[in-house]
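# Structural description and commentary
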Amino acid sequence: MKNYLRPQIRSVLDALGDVPDDFEIELEEPDRPEHGDLATNTALRLASVLGDNPRSIAERLAERLREQVDPSRIRSVEVAGPGFINFRFAQDYLFDGLADLLAEGDTFGQTDVGAGQSALVEYVSANPTGPLNVGHGRNAVLGDTIANLLDWTGYDVTREYYYNDAGRQMRVLAQSVRTRYEALAGGVPTTTRTLDDGTTVEVPETFPEDGYLGQYIIDIAEELYEERGDALLSTDDLTPFREAAEEALFADIEQTLRRLSVEMDGYANEQALHDDGTVEAVLDGLTDAGLTYEADGALWLKTTEFGKDDDTVLVKQSGEPTYRTPDIAYHTTKFERGYDLMIDVFGADHHAAYPDVLNALGALGYDKDKVDVVLYQFVTLVRGGEPVKMSTRRANYVTLDDLIDQVGADVTRFFFLMRSPDTHLNFDLELAEEESEKNPVFYLQYAHARICSILDKAEEVGFSHDADADLSLLIHEDEIALIKELLRFPQALQNAADNRAPHFVPNYLRDVATAFSQFYDNCRIIGEEDALASARMRLALAAKTVLKNGLTVLGISAPRQM
RNA sequence: GCGCCCGUAGCUCAGUUGGAUAGAGCAGCGGACUUCUAAUCCGCAGGUCGCAGGUUCGAAUCCUGCCGGGCGUACCA
């Protein structure tokens, strides 16, 4: 409708004269129903340009618009307040929209702005050093939903998980497994470590200083010992330990993600970027661009040229690259694969690092504007008022699996999605367990289940509605309100996708569920006279469709009964 | 010190490109089930939008400066 009205207003402005060609016509949905279905502030913004008072400009515009607009779409054009022009939709427009919605069914909400374009969404990207934590959960759910949103807006989407398997972190992991393995073979003296939270852990004396203390390391070592016995004691090679750990931990991670309906299309890892020379090529490229120099035995990137206070190390004294270097290399492979849009989902702790990556890509000749970084603020777990730290290196922390066990996958996803990525998330576990019944996700699911129940009931009493029902019978205030709400769905998804703001969707769906519940409360279906009952059944089906489609985008189930 | 995020009802948070009387859920109070699911609906109460300036027809929203909280500011990832 906006696309219909905009040219209409433009032509009226042209007739008025003296209005710049690049004047942008803003149309918005007013908060209050008495302000119509759409409103424009054009007259207000033209007041200074035309040197006239906004009210009189609005009157002139409205008069011409009334003569010009299609009455089957726009019912009224009114001037209100300081000079707003309010439009009201013709009811036929709503009924036609409702019919279209029903015809589209489970694809309603899809748009094609991204058609012909490919997008790569990189998310989770946790290194396989332990079970996923709650922060990873937020990442996974945000990334997955953004991918869904891009999918629904027409993009050809690829979901990818990148991890560092070549650096120090994995070496420490392997050493952790190794010392545990050696302990199993016997004769290894142990020592006691005291953790930040005051608890103590018994570890072999050879256990690395910053080793991984979790029980899962011991499990992996035990499995390895069962398979190989003492065979690995004589070797200095860490590879079998690293591989065993990586394999076991990845299996866990994938399992956890699957519980949240997160399925990646592919994985990328750092080692491959070393093996195929991509890292080397990036270093060469940056050097050719004159952006590197050697100092103190390390290779530096001149990030000061990008406005930073200090330069940044690309390759350490030890000859090992910092994590930034393969990160840049990884991104070049995204570009080389030809994606039109690349989205990275990172925790807020990365905000200082990604500009280096983007600037380096720009220096290498890539269009860095195609990369969009979604940063989310941290999740703080709180249990009984006590904050729970989420360091992977510590032994006891609440895992994502624990969370899913406690509140379920639907609640977990919804909780992470219902608020802006910019908002710090305080997750009180006790509250979540105790109040999961009150979680807003159940409100949406309940509305869906209710509609299913109506369908069951109709079948039970032998009422079959007319698929060609006369929708123009839907003139009750709550029916009209519900139709309007339902028709906003495609735009709601579009806004969510454009702004990388998944939380728009839960907010919108809550409004849908509210509008449906009000309709349900005031408008009976079964038992009404057949034509009206049929029309209302069609409306209920439309609501079910939007709820179902919306929940699908969020990766949340839409149960038939609760 | 510098960079980023946040500060809106008792609590948790919405408020897309600046719009008309700032919203929702929870908690509180009061109503509504002989009816298709009361996990619902209706009503009441609850606010110096952190503070102070500025920009303009109009600011929770944009700009500047403060205050408070978080995260960064590694040859850790």
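Only a predicted model underlies this, so the values are computations on that prediction, with no experimental measurement involved.

## Considerations on the overall build of chain A
Along the backbone of chain A there are 20 helices and 17 strands. Here the C-alpha coordinates of chain A stretch approximately 90 × 65 × 40 Å along the principal axes. Out of the 562 residues in chain A, the part that is buried amounts to 51%. Considering only residue pairs separated by 6 or more positions, chain A has 74% of its internal contacts joining residues 24 or more positions apart. By element, 44% of the accessible surface of chain A is carried by carbon and sulfur atoms, the whole surface being about 25500 Å². Taking the average location of the 50 positive side-chain charges in chain A and that of its 101 negative ones, the two points are 4 Å from each other.

## Focus: the sheet that holds strand E4 (residues 84–89)
An order of E1-E2-E4-E3 is seen for the 4 strands of this open sheet, with the pairing classed as antiparallel. At either end of the open sheet lies a strand with only one pairing partner, and these are strand E1 (27–28) and strand E3 (74–80). Relative to E4, E3 runs antiparallel, the two being bridged by 6 bridges. By the bridge assignment for E4, Ser76 is matched with Arg88.

## Description of the packing of helix H13 (residues 400–407) against helix H14 (residues 409–417)
Where H13 meets H14, the axes come as close as 7 Å, and the angle between the chain directions of the two elements is 115°. Our classification of the angle between H13 and H14 gives roughly perpendicular. For the pair H13 and H14, contact is made by Leu400, Leu403, Ile404 and Val407 and by Ala409, Val411, Thr412 and Phe416, respectively. Looking at side-chain class alone, the contact of H13 with H14 contains 7 nonpolar, 1 polar and no charged residues.

## A closer look at the domain arrangement of chain A
Splitting chain A by domain gives domain 1 (2–89), domain 2 (95–110 + 437–554) and domain 3 (168–259). One C-alpha centre belongs to domain 2, the other to domain 3; they are set 53 Å apart.

## Notes on the packing of aromatic side chains
Centre-to-centre distance and the angle between the planes together describe a pair of aromatic rings. Within the structure shown, the criterion is met by 15 aromatic pairs. Pairing Tyr161 with Phe250 gives two aromatic rings, centres 5.4 Å apart and planes at 55°, and the pair type is tilted. Here the residue Tyr161 occupies a position in strand E6 (residues 156–163), and Phe250 occupies one in helix H8 (residues 239–259), the gap between them amounting to 89 residues. In this structure Tyr161 comes out as buried when scored by relative accessible area, which is 0%. Using a relative accessible area of 9% as the deciding quantity, one classes Phe250 as buried. The interplanar angle of 40° and the centroid separation of 6.0 Å between the aromatic rings of Phe516 and Tyr520 together place this pair among those described as tilted. One end of the pair, Phe516, and the other, Tyr520, are both in helix H19 (residues 504–522), 4 residues apart, so they sit about a helical turn from each other. Judged by its relative accessible area of 33%, Tyr520 is partly exposed.

## A closer look at the environment of Ile556
By secondary structure assignment, the location of Ile556 is in the segment after helix H20 (530–554). According to the relative accessible area criterion, Ile556 is buried, its value standing at 5%. Between the C-alpha atom of Ile556 and that of Leu429, which follows or precedes it by 127 residues, the distance is 20 Å. Ignoring sequence-local partners within four residues, the contact set of Ile556 consists of Asp410, Arg413, Phe414, Val441, Gln445 and Leu551.

## Re the packing of helix H6 (residues 168–185) against helix H7 (residues 215–228)
One can describe the packing of H6 onto H7 by two numbers: an axis separation of 8 Å at closest approach and a directional angle of 60°. Taken together, the axes of H6 and H7 are oblique relative to one another. Viewed along their axes, H6 and H7 form a crossing whose handedness is right-handed. For the pair H6 and H7, the contacting residues are Leu173, Ser176, Val177, Arg180, Tyr181, Leu184 and Ala185 in the first and Ile217, Ile218, Ile220, Ala221, Glu222, Leu224 and Tyr225 in the second. Counted by class, the contact of H6 with H7 contains 11 nonpolar, 1 polar and 2 charged residues.

## A short note on the pairing of E6
Residues in a regular strand point their side chains to alternate faces of the sheet. Among the 8 residues of E6, 7 are classified as buried, and the element is accordingly described as predominantly covered. In this sheet, E6 lies alongside strand E5 (residues 118–122) in parallel orientation, the contact comprising 5 bridges. Paired with Val121 across the strands is Arg159, a residue of E6. Following the backbone out of E5, through helix H5 (residues 134–152) and into the adjacent parallel E6, one traces a crossover that is right-handed. In the sheet, E6 pairs with strand E9 (residues 266–269) via 4 bridges, with the strands oriented parallel. Paired with Tyr161 across the bridge in E9 is Tyr267.

## So, the state of the cysteines
What we call a disulfide is simply a covalent bond connecting the sulfur atoms of a pair of cysteines. A full pass over the atoms with the stated rule returns 0 disulfides. Cys452 carries a free sulfur, and the closest cysteine sulfur to it, the one in Cys523, is 19 Å from it.

## Let's talk about the protein's contact with RNA strand B
Of all residues adjacent to RNA strand B, which total 64 residues, the nearest are His351, Arg419, Tyr443, Tyr446 and Ser453. Taking the atoms of RNA strand B that fall within 4 Å of the protein, sugar and phosphate contribute 60% of them. A distance of 2.7 Å separates a phosphate oxygen of RNA strand B from a polar side-chain atom of Lys316. The contact in question runs from a phosphate oxygen of RNA strand B to an N or O atom on the backbone of Ser420, over 2.8 Å. Those elements that place two or more of their residues in the surface near RNA strand B are E1, helix H2 (42–50), E4, H6, strand E11 (298–301), helix H16 (440–461) and H19. Broken down by element, the residue count for the surface near RNA strand B peaks at 8 residues, all from H16.

## Some points on the side chain of Ser420
As for its position among the elements, Ser420 is in the loop between H14 and strand E17 (425–428). We classify Ser420 as buried; its relative accessible area is 17%. Among the polar contacts listed, one links the side chain of Ser420 to the backbone nitrogen of Asp422, at a separation of 3.0 Å. If sequence neighbours within four positions are ignored, Ser420 has contacts with Arg138 and His503.

Rules behind the numbers
- Residues numbered from 1 in each chain as written.
- Chains lettered and ligands numbered in written order.
- Predicted model: local features only at pLDDT ≥ 70, side-chain atom pairs only at ≥ 80, totals over all residues.
- Heavy atoms only, no water.
- Helix = DSSP H or I, 4+ residues; strand = E, 2+ residues; numbered from the N terminus.
- Buried < 20%, exposed > 50% of the residue type's maximum accessible area, 1.4 Å probe, protein only.
- Contact = heavy atoms within 4.5 Å.
- Areas by Shrake-Rupley, 256 points an atom, 1.4 Å probe, with all protein chains shown as cover.
- Lys, Arg positive; Asp, Glu negative; His and termini not counted.
- Charge placed at Lys NZ, Arg CZ, Asp CG, Glu CD.
- Pairing = 2+ DSSP bridges.
- Axes fitted to C-alpha atoms, helices over the stretch in contact; angles between N-to-C directions.
- Parallel < 35°, antiparallel > 145°, perpendicular 65-115°, else oblique.
- Nonpolar A, V, L, I, M, F, W, Y, C, P; charged D, E, K, R; others polar.
- Domains from an automatic or database assignment.
- Phe/Tyr/Trp six-rings, centres within 6.5 Å; stacked < 30°, edge-to-face > 60°.
- Left-handed = near helix turned anticlockwise from the far one by under 90°.
- Right-handed = clockwise from strand over helix to strand, strands pointing away.
- Disulfide = S-S within 2.5 Å.
- Near = heavy atom within 4 Å.
- Polar contact = N/O pair within 3.5 Å; in protein donor to acceptor, adjacent residues only side chain to side chain.

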